Amino acid sequence: MAEAERIIGTPDIPDAEGADGAEPQRPSEGTEQPRGDAKGAGPARGDAEGAEPAEGGPATGDAATGDAATGDEAATGGDAAVGGRRRKKILVLLCVAVLAYLLDLVSKTIVVAELEHRAPVEIFGDWLKLEVIRNAGAAFSFGEAYTVIFTAIASVVIIVIIRLARKLYSLPWAIALGLLLGGALGNLTDRIFRAPSMFQGAVVDFISPAHFAVFNLADSAIVCGGFLVVILSFKGLDPDGTVHKD
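Residues numbered from 1 in each chain as written. Predicted model: local features only at pLDDT ≥ 70, side-chain atom pairs only at ≥ 80, totals over all residues. Heavy atoms only, no water.

Okay, the packing of helix α5 (residues 171-193) against helix α6 (residues 217-235) next. At a minimum axis distance of 8 Å, the contact between α5 and α6 shows a crossing angle of 150 degrees. Considered as vectors, α5 and α6 are oriented roughly antiparallel to each other. Every pair of crossing elements has a handedness; the one defined by α5 and α6 is left-handed. Between α5 and α6, the contacting residues are P172, W173, I175, A176, L179, L180, G183, A184, G186 and N187 on the first element and A218, D219, A221, I222, C224, G225, G226, L228, V229, L232 and S233 on the second. (Axes fitted to C-alpha atoms, helices over the stretch in contact; angles between N-to-C directions. Helix = DSSP H or I, 4+ residues; strand = E, 2+ residues; numbered from the N terminus. Parallel < 35°, antiparallel > 145°, perpendicular 65-115°, else oblique. Left-handed = near helix turned anticlockwise from the far one by under 90°. Contact = heavy atoms within 4.5 Å.)

A few words on the nonpolar core. Among the nonpolar cores identified, the biggest contains 19 residues, and L93, I161, L168, W173, L177 and L181 are the most heavily contacted of them. Where this core is concerned, the elements lending two or more residues are α3 (34-114), α4 (147-164), α5 and α6. If we skip the residues at most four places from it in the chain, I161 touches L93, L177, L180 and L181. In terms of nonpolar packing, the next biggest core, distinct from the first, is built from 7 residues, V111, F206, I207 and F215 among them. (Core = buried A, V, L, I, M, F, W, Y, C linked by side-chain atoms within 4.5 Å. Buried < 20%, exposed > 50% of the residue type's maximum accessible area, 1.4 Å probe, protein only.)

A195 connects to P196 through a cis peptide bond whose omega is 15 degrees. In this fold, P196 is placed in the loop between α5 and β3 (203-209). Although it is not a glycine, F199 adopts a positive phi angle of roughly 70 degrees. On the secondary structure map, F199 appears in the loop between α5 and β3. The exposure class assigned to F199 is partly exposed, which follows from its relative accessible area of 44%. For H211, which is not glycine, the phi torsion reads 60 degrees and is therefore positive. By secondary structure assignment, the location of H211 is in the loop between β3 and α6. According to the relative accessible area criterion, H211 is exposed, its value standing at 81%.

Structure representation (structure tokens):
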């Protein structure tokens, strides 16, 4: 039996030998080891995962900085818009004031050249006439003995209007202050430059309604602006555009 087995031979079973404890076949150099790579990738992956918070930290900080910058830009844009609104209202005030002043100045120049020392010109019979007089007092010929005082008052009014213009955001107030400023400048020009002397000059009045004092366009602008200020005050509208209720 033993001789027969020796003659026939027992076939080699490599798998069996490997299973019985033979050394497993090692891969040749340069051969990739999938499992080994996976294990080796573990630390790399861990490093990558560990790097995520570090990368996320600056990114989050950048986002916060960006939000802050956006807030600053929005605030700057809001300030610019508010400043633009204020500049527009100041421009309206100046336009109204210049228009009122020029109308008053031109009308006085014409009536002094054409109508002074002449008979009154009837516009609507006795109801409305053009008659040139020199007024040393306030509007409508009141207080002729206080010319210097009225000159000082007109100067103060102009300064107050200019100061109010710094916080002006209301269109009605811009119109009202423009009328007051134009009228005050018109009469102040007369008080400074007309006879009898500087700062004591007589204002030129020429609009003469029946049963009423003689006045000029500057007086009209002042009265209209004053009425508008009273109306706005009763409505609770302030020059800065806010509305208050008493």
